[in-house]
Amino acid sequence: MRVPFLNIAADFAAVAADARARIDAVLDSQSFVLAEQTAALESWLAATCGAHAAVACSSGSDALYLAMLALDIGPGDAVAVPSFTFFASAGAIARAGAQPVFVDVEAPGFNSAAGQFREAISREFEPRSGELIHRRSAAVLKALLPVHLFGCPADMVGISAVAGSYGLAIVEDAAQAIGAATDAAVVGNWGRVACFSFYPTKNLGGAGDGGALTTNDEELARRLRRLRVHGVEGGVYEHAEVGINARMGELQAAVLNAKSGLLELWSRKRREIAAAYREGLAQLQDEGLLLLPPQREGEVQVYHQFTLRVPGRRDELQAALAVRGIDSRVFYPLPLHLQPCFAGLGYEEGQLPQAERAAAEVLSLPVYPSLNSDQVAYVCTSIAESLRP
């Protein structure tokens, strides 16, 4: 049996007629940027997140960068960010001229919780004149950037308490977690601003790059809209500030609008597949051969990835699954504090042990709406046969 890691063609097939009709309407209108489709997408996303406003943009990476610009985070500032995440989470901070300060992750989960942010602040900063000053660089801590990794909501109640105690902004990286929630709030409705990605492989994926931000601050939303068009406000060539070109194209928005109505159904199917994996692999966890992703009471995950920990045998298992026709992925093999481009920040191996452990153990299994029960059962059987003596 063949089990591919993704099947985005099936997602598109489910909405092909609607998507093509929307694309044709855009072509007929010849309005390709910031028109009706983008406005409809923004309205839908704001409602989905329960946020006051949504601002569509060119990518999830640009969404994070726009958040830095809109919050006036730049040279001389620092932002605390998990080390175990996709590069863009920290790349946007560095791109803005600020310093990423890396935070370890909890175990066995993959997010940073309140305790990890507090520990990083205590380790890396000292209070001085009402500010938190980075001991090595003298940068001032301005924000926390929690990541809802793999579609699992981060501990936003606890993280919000940490941010509030120090007067820090929160920027949510929700690139992998659209539709996720806890019993306290929906992802994308915490802090000052949240950032989403619509890359083709995301739970809601476009036909190329795309992103968005949500916020409950109307003035911040206004500034984000201005920053995504080179800082233009008022006349076409009147630039209130220096922004970037980060607009979303109407063709991208058209595809996303066609898919958006199925997001809730697709998320439910992902949770059903995750439940089947949990049932099929529970005995292997009991035997100590792997660790299933944790799930807390009151949270709704959307399983952008279903990620196991396989202590000591991750690469062996991945190779064995490949022989059986099962595709899997490692997200992410090298934590950010050990990336070559951040070598100058002074981090050393062993400094963030849980992030390093996660990078050595994680293996993501196929999880997408069109995955069928026979394929899930085959994956579970193959893992058991590969790991047991």
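In this numbering scheme, every chain counts its residues from 1 along its sequence in written order. With pLDDT at 70 or above as the cut-off, local features in this predicted model cover only qualifying residues; side-chain atom pairs require 80 or more to be listed or tallied, and sums for whole chains, interfaces and linings still use all residues. Only hydrogens and water are removed before side-chain values are computed, so all heavy atoms of the structure are retained for them.

Attention now goes to helix α2 (residues 16-29). Because the α-helix completes a turn every 3.6 residues, residues three or four places apart line up on one side. A run of DSSP states H or I qualifies as a helix once it reaches four residues; a run of E qualifies as a strand once it reaches two. Both are numbered from the N-terminal end. Expected helix span is computed as 1.5 Å times (number of residues minus one). For α2, which comprises 14 residues, the first-to-last C-alpha distance of 20 Å matches the rise-based estimate of 20 Å (1.5 Å per residue) to within 8%. Working definition: with a 1.4 Å probe on protein chains only, accessible area under 20% of the residue-type maximum means buried, over 50% means exposed, and in between means partly exposed. Taken residue by residue, α2 has Ala16, Ala19 and Val26 as its buried positions. In a view along the axis of α2, the buried residues occupy a sector of 90°, so they form one face of it. With respect to the buried face of α2, the exposed residues turned more than 90 degrees away are Ala17 and Asp28. Residues of α2 that are buried make contact with α1 (8-13), α3 (36-49) and α9 (250-260). Just beyond α2, the residue with positive phi is glutamine 30, at close to 60°. The arc in question is traced by the directions running from the helix axis to the C-beta atoms. Any pair of residues with heavy atoms lying within 4.5 Å of one another is described as a contacting pair.

Here we come to helix α5 (residues 88-95). Among the eight residues that make up α5, six are buried, leaving the element largely enclosed by the rest of the structure. When we look at burial in α5, the residues that qualify are Ala88, Ser89, Ala90, Gly91, Ala92 and Ile93. Taken from the residues just after α5, glycine 97 is the one with a positive phi, measuring 90°.

For the bond running from alanine 107 to proline 108, omega is 10°, close enough to zero to count as cis. Position of proline 108 among the secondary structure elements: in the loop between β3 (99-103) and α6 (114-124). With an omega dihedral of 15°, the bond running from phenylalanine 331 to tyrosine 332 counts as a cis peptide bond. Along the chain, tyrosine 332 falls in the loop between α11 (314-323) and α12 (353-361). One non-glycine residue, glutamine 30, lies in the positive phi region at around 60°.

On the secondary structure map, serine 83 appears in the loop between β2 (77-82) and α5. Only 2.6 Å separates the side chain of serine 83 from the side chain of histidine 337, close enough to count as a polar contact. Among all residues touching serine 83, those that are not within four sequence positions of it are Phe102, Val103, Pro335, Leu336, His337, Leu352 and Ala355. Any N or O atom pair separated by 3.5 Å or less is treated as a polar contact, with the protein-specific requirement of one donor-capable and one acceptor-capable atom, and with residues adjacent in sequence counted only for side-chain atom pairs.

Attention now goes to a nonpolar patch on the surface. Patches here are clusters of residues that have more than 30% relative accessible area and form no salt bridge, with a 9 Å joining cutoff for like charges and a 5 Å cutoff for nonpolar side chains (Val, Leu, Ile, Met, Phe, Trp, Tyr). Note on areas: Shrake-Rupley, 1.4 Å probe, and residue coverage restricted to the protein chains presented here. By definition, a salt bridge exists where a carboxyl oxygen of Asp or Glu is found within 4 Å of a side-chain nitrogen of Lys or Arg. Among the surface-exposed residues, Leu27, Phe32, Val33, Leu34 and Leu251 lie close enough to one another that they form a single nonpolar patch of about 370 Å² accessible area. With respect to the helices, strands and loops of the structure, leucine 34 is situated in the loop between α2 and α3. For leucine 34, a relative accessible area of 34% puts it in the partly exposed group.

What follows concerns the nonpolar core. Put simply, a nonpolar core is a bunch of buried Ala, Val, Leu, Ile, Met, Phe, Trp, Tyr and Cys residues held in one set by side-chain atoms that sit within 4.5 Å of each other. Core analysis: the largest hydrophobic core is formed by 73 residues, its most contacted members being Phe84, Phe102, Leu144, Leu145 and Leu213. Element by element, the count of residues in this core is highest for helix α4 (residues 60-70), at eight residues. Leave out the neighbours within four places in its chain, and phenylalanine 102 touches Val81, Pro82, Ser83, Ala90, Ala120, Arg123, Leu336, His337, Phe342, Leu345, Tyr347 and Leu352. With 27 residues, the next largest nonpolar core counts Leu289, Phe306, Cys380 and Ile383 among its residues.

What follows concerns the pairing of strand β5 (residues 131-134). Bridge count between strand β4 (residues 125-128) and β5: four bridges; the pairing is antiparallel. Paired with phenylalanine 125 across the strands is histidine 134, a residue of β5. We treat two strands as partners when DSSP finds at least two bridges between them. Following β4, the chain reverses through two residues before pairing antiparallel with β5; serine 129 in that reversal takes a positive phi of roughly 55°.

Turning our eyes to something else, we now look at the environment of aspartate 11. If you trace the backbone, aspartate 11 turns up in helix α1. Note on aspartate 11: relative accessible area 10%, which makes it buried. C-alpha of aspartate 11 to C-alpha of glycine 205: the two residues are 194 residues apart in sequence and 9.0 Å apart in space.

Attention now moves to the environment of arginine 128. Mapped onto the fold, arginine 128 is located in strand β4. Sequence separation between arginine 128 and valine 379 is 251 residues, and the spatial gap between their C-alpha atoms is 54 Å. Polar side-chain contacts of arginine 128 include one of 2.7 Å to the side chain of glutamate 126.

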